[in-house]
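An overview of the molecular structure
This is what each chain is made of:
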Amino acid sequence: MENCLGIIIGNGDKNFGALCKNRPVFMLPFGGRYRLIDFTLSNMVNHGIKTVAVYTGDKVRSTMDHLGNGRPWDLNRRFNGLFIFPPANGNELAPRLGDIAEFYSTMQFFEESREENVLLINPSYLGTVNLDEAYKHFNSTDADITILYKKQVDPWGEYINCDKIYLNNDGSVSAAGLNLATEKEFNMYIGMLIIKKKAFLDIIKSSMEKGDANYLKHAIMINKDKYNINSFEFKGHIENIRHTKAFYDANMNLLNRKIAHELFFDRGTVFTKSKDEPSTLYTDTSVVKNSLVANGCIIEGNVENSIIFRGVNVAKGAIIKNSILMQKSEVKDNAIVVNTIMDKYSIIGANVRIAGSSVMPYVVEKNQEIKEG
Amino acid sequence: MIENKVVAMLLAGGQGSRLKALTRKVAKPAVSFGGKYRIIDFALSNATNSGINDIGILTQYKPYLLNTHIGIGTAWDFDRNNGGLRVLPPFTSEDGGRWYTGTANAIFENIDYLDELNPNYVLILSGDHIYKMDYRKLLKAHQEKGADVTLAVMEVPWEEASRFGIVNVDKDNKIVEFDEKPKKPKNNMASMGIYIFSWKELRKYLVMDNKNKESENDFGKNVLPLMLSEGKKMYAWSFDGYWKDVGTVRSYWEANMDLLDPNNTLNIYDAGWRIFTRSKNLPPHYLGRSSVVKNSLINEGCLVMGEVTNSILFSEVEIEKGAKVNNSVILSNCIIKAGAEVNNAVLVEGVTIKEGEKIGEQGDGNIYLITDKGFTVE
């Protein structure tokens, strides 16, 4: 993707409870050793994007710590590379909500960069989109904006409140709004769009000046008659990580080898910050079935249908089922953990039994220790 | 300013011919070890963890993979603006080109590098050893004795003593005699090939040794005996942790298996003394519904559907359903097909064991080294 800037900006974290107490959605640990943002960054880098800007939102710390100077993604460059934009507080923009003000406050970055197009991705949507094809479509149709979508079948209304777009027969976009689950199939916006930088900056300036939109997606619709806006359909598997349950399911889907292979290998290597953990040790007492296990763990107990992150300890006699155990969490002797998400550094004490339901996992907070009563 | 400046010189040019196919494509320091490491990672990580800023890596035998692995030293935090890591291969000059003829000659040839850094001390390390050592302790002992050179030594089994340089010391740990590979060792305190020199003294003796046409330019055979004969202050510093120089395929296999022993003293999980290595960025491994894994180390990117017992799987190894792996070391990218059985083996990188094939018997006492071209038995 020559001549294209990458922009990463997340969405609200209201639906994630304790999991997003101190981190934005795109920093959620995922797949045993990654954060959601790793997939977006790697996808961009693997498609040849050389300049990436990340808008961190308010909860900056975990993002700063994880991204550093961008080395794991080879974005530590003297020219271009990684730009991290924390929120612009304390200036005349402060009272304004939404991403328009964020983009406006970094106008200089856009104006000084040489790239003429912008690829915008929200890391909450996880899929191995072939960005080259989308970019080709964008360029060959001379579109001002190409919006990526998936035809989502949704008979049970599970995708309520997701972004919905309406298309004309020629693929141009006629309207966009919220899915209220009135149809069994709808065109779901998958958090990715490509836009000419000039159109992008014009829309932002116009919205700032007129004050008619706070969010880019509204601003695009307000100005839709001025631009050539078309669409690109993604037909593969996509995870729309919009609440705790969707996050849990997306992790569990990785136990499907086809989905895991697509996500981990099909669009090149997924890069993340290295933790220098040794290999995982399984002792004589371990019994592990259908699980994804990262390095640095010591597994002495039973693990089934679970995702085990780096540096986790599962002691003798413990039973882990249908659960996600994040980095450095620990389950002590004979404890039972079912349908649960254990956040980083959490501890389940010996003989404790905890369980969520299959429709809603139980969440153990970061650093929380649950001991036998 | 940094006082007591130490420069480490890491000898990484050895062939390790007794490791047979394991060193077919790489130098001994680049041989894979312990699930995800290469042997040289231990010395490099020790240097990082000991706070060493400058390190020269002396390469010679088949250096490509070693150079790729080390790069500019990023994994060990040696990619510095000021100092850091230098790879020092043999080179040509107005006197013609020449290989490093011995351990001391390799240092002598890079005297310009050391002169430029002008350290107080030079630490000589080998990239062939598996151990964790805080070199600051060795330096401290060296300083306390006001020594010209201090050797790290450790007790080895008597029957192996004649493989090593054996030191005889007085009550103060001052070395009175140095026997390189003696036929009849007087004791079992062996030199580990880890020396710290005061740079001024070392420089003098390197120059002297290089002028001697008879010399093999080796530290153990020539330089240390010469210094001792001239009455230089040579001390021994005892190390009592895990240390292994894997010379043969069997000892390579054993050293890997040591990591599975619950009582092993080389704790690779110690977060206070991490062993660093170049990251391959692979996803977590997957254990399938039919997998059985007992007492084994498994690295990232593996896919296990069969049975793995007392074994070490490196990255991206695939064990198909019904396959069995016992007491074996399986290097990266190997595939064990359905129904195959592998016992007491070392598989080099990228070997595929065919469906139903069987290697070894449990408890047959042999070690099988398997390559894509065949196998050897030890």
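For the structure, see preceding data.
Below is a short write-up of the structure. These numbers were taken from a predicted model, which means no experiment stands behind them.

1. A short note on the interface of chain A and chain B
At the junction of the two partners, chain A supplies 40 residues and chain B supplies 36 residues. In total, about 3000 Å² of surface goes out of reach between chain A and chain B, with carbon and sulfur atoms giving 48% of it. Of all residues in chain A, the largest losses of buried area upon contact with chain B belong to Asp276(A), Ser279(A) and Tyr282(A), amounting jointly to 20% of the total for that side. Linking chain A with chain B are 3 salt bridges, by the criterion used here.

2. Looking at the side chain of Asp128(B)
By the secondary structure assignment, Asp128(B) is in the loop between strand E8 (121-126) and strand E9 (129-131). Discounting chain neighbours no more than four positions away, the residues touching Asp128(B) are Lys28(B), Pro29(B), Ile39(B), Lys244(B), Asp245(B) and Val246(B).

3. Describing the packing of aromatic side chains
Note on aromatic pairs: each is described by the distance of the centres and the angle between the planes. Per the stated rule, a full pass over the model turns up 24 aromatic pairs over all chains. Ring geometry for Tyr135(A) against Phe138(A): centres 6.1 Å apart, planes inclined by 10°, an arrangement best described as stacked. In this pair, Tyr135(A) and Phe138(A) both sit in helix H5 (residues 131-140), 3 residues apart, roughly one turn of the helix. Looking at Phe138(A), the relative accessible area reads 1%, which means it is buried. When the ring of Phe197(B) is compared with that of Phe219(B), the centres are 5.4 Å apart and the planes differ by 35°; the resulting orientation is tilted.

4. Thoughts on the pattern of salt bridges
Per the stated rule, a full pass over the model turns up 37 salt bridges over all chains. Here Lys28(B) and Asp128(B) are joined by a salt bridge, their closest N and O atoms 3.9 Å apart. Taken as a pair, Lys28(B) in the loop between strand E1 (6-11) and strand E2 (32-33) and Asp128(B) in the loop between E8 and E9 lie far apart in primary sequence, 100 residues in all. Since its relative accessible area comes to 15%, Asp128(B) is described here as buried. Its salt-bridge partner being Asp245(B), residue Lys28(B) comes within 2.8 Å of it at the nearest N-O pair. Taken together, the residues span a long stretch of sequence, with Lys28(B) in the loop between E1 and E2 and Asp245(B) in strand E15 (residues 243-245) at a distance of 217 residues. Salt bridges sharing partners connect three or more residues here, namely Asp142(A), Asp144(A) and Lys196(A).

5. Points about the sheet that holds strand E16 (residues 285-287) of chain B
Strand order in the open sheet made by the 10 strands is E28(A)-E25(A)-E22(A)-E19(A)-E16(A)-E16(B)-E19(B)-E22(B)-E25(B)-E28(B), with mixed pairing throughout. The sheet terminates laterally at strand E28 (362-364) of chain A together with strand E28 (352-353) of chain B, the two strands that pair on one side only. Sheet topology places strand E25 (residues 335-336) of chain B next to E28(B); 2 bridges connect them, and they run parallel. Following the sheet pairing, Ile336(B) is matched in E28(B) by Ile353(B).

6. Focus: the environment of Glu109(B)
Topologically, Glu109(B) is positioned in helix H3 (residues 103-109). Sequence separation between Glu109(B) and Phe91(B) is 18 residues, and the spatial gap between their C-alpha atoms is 8.8 Å.

About the thresholds
- Residues numbered from 1 in each chain as written.
- Chains lettered and ligands numbered in written order.
- Predicted model: local features only at pLDDT ≥ 70, side-chain atom pairs only at ≥ 80, totals over all residues.
- Heavy atoms only, no water.
- Contact = heavy atoms within 4.5 Å.
- Buried area = accessible area lost by both parts, 1.4 Å probe.
- Salt bridge = Lys/Arg side-chain N within 4 Å of Asp/Glu carboxyl O.
- Helix = DSSP H or I, 4+ residues; strand = E, 2+ residues; numbered from the N terminus.
- Phe/Tyr/Trp six-rings, centres within 6.5 Å; stacked < 30°, edge-to-face > 60°.
- Buried < 20%, exposed > 50% of the residue type's maximum accessible area, 1.4 Å probe, protein only.
- Pairing = 2+ DSSP bridges.

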